[in-house]
Amino acid sequence: MNRILTQYVDGEPHAKEYDTLIPSKIEVLECRSYADCTYVETVRLTFEIGDEKGRVPMPITKKIIELDIETGYIPEDRVKEELMSLLSGLKIFQLKRLTEAFAYRKYYSPVF
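All values reported here derive from a predicted model rather than from experimental measurement.

## Brief notes about the environment of Val9
So, step 1. If you trace the backbone, Val9 turns up in strand E1 (residues 3–10).
So, step 2. Along the chain, Val9 and Lys53 lie 44 residues apart, while their C-alpha atoms are 20 Å from each other.

## Concerning the pattern of salt bridges
So, step 1. Under the criterion given, the structure shown has 10 salt bridges.
So, step 2. Between Lys91 and Asp19 there is a salt bridge, and its shortest N-O distance comes to 3.2 Å. Of this pair, Lys91 sits in the loop between helix H1 (76–87) and helix H2 (95–104) while Asp19 sits in the loop between E1 and strand E2 (20–33); the two residues are 72 residues apart in sequence, bridging distant segments of the chain.
So, step 3. Of the residues examined, Lys91 reaches a relative accessible area of 39% and is grouped as partly exposed.
So, step 4. Arg55 is the salt-bridge partner of Asp51, the closest N and O atoms lying 2.7 Å from each other.
So, step 5. Judged by its relative accessible area of 7%, Asp51 is buried.
So, step 6. When salt bridges that share partners are traced, they join Arg3, Glu30, Arg32 and Asp68 into one network.

## Quick notes on the environment of Asp68
So, step 1. Its place among the elements puts Asp68 in strand E4 (residues 62–70).
So, step 2. Overall, Asp68 belongs to the buried group, its relative accessible area being 6%.
So, step 3. Taking C-alpha positions, Asp68 is 9.4 Å from Cys31, a pair spaced 37 residues apart along the chain.
So, step 4. With near-sequence residues (within four places) excluded, Asp68 lies in contact with Met1, Asn2, Arg3, Leu5, Arg32, Val40, Glu41, Thr42 and Leu86.
So, step 5. A polar contact is formed between the side chain of Asp68 and the side chain of Arg32, at a distance of 3.2 Å.

What counts and how
- Residues numbered from 1 in each chain as written.
- Predicted model: local features only at pLDDT ≥ 70, side-chain atom pairs only at ≥ 80, totals over all residues.
- Heavy atoms only, no water.
- Helix = DSSP H or I, 4+ residues; strand = E, 2+ residues; numbered from the N terminus.
- Salt bridge = Lys/Arg side-chain N within 4 Å of Asp/Glu carboxyl O.
- Buried < 20%, exposed > 50% of the residue type's maximum accessible area, 1.4 Å probe, protein only.
- Contact = heavy atoms within 4.5 Å.
- Polar contact = N/O pair within 3.5 Å; in protein donor to acceptor, adjacent residues only side chain to side chain.

Below, the structure is given as structure tokens:
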């Protein structure tokens, strides 16, 4: 059920040293509940492309990743682990901090 749906880049490519994804925005696109009590969110993660120190060149180029992840009725630590597993193949600046922000964002998500 947890899977990356799509990935794409918005903007122009930069020099090779700019190979790190800097988290920028977390958006919940859709929420679905199922009869077996699973609860899945479709989420869009937006990243600016920068360097390993978190610096972003101008003009800003973004990478967008949309994914499905089960978030309801399971422990928060498991959700964080699943998100880390989905994103583990990508070079993300402060990945652990992103997973914490993902867990914390539930307090601000709109009700669908």
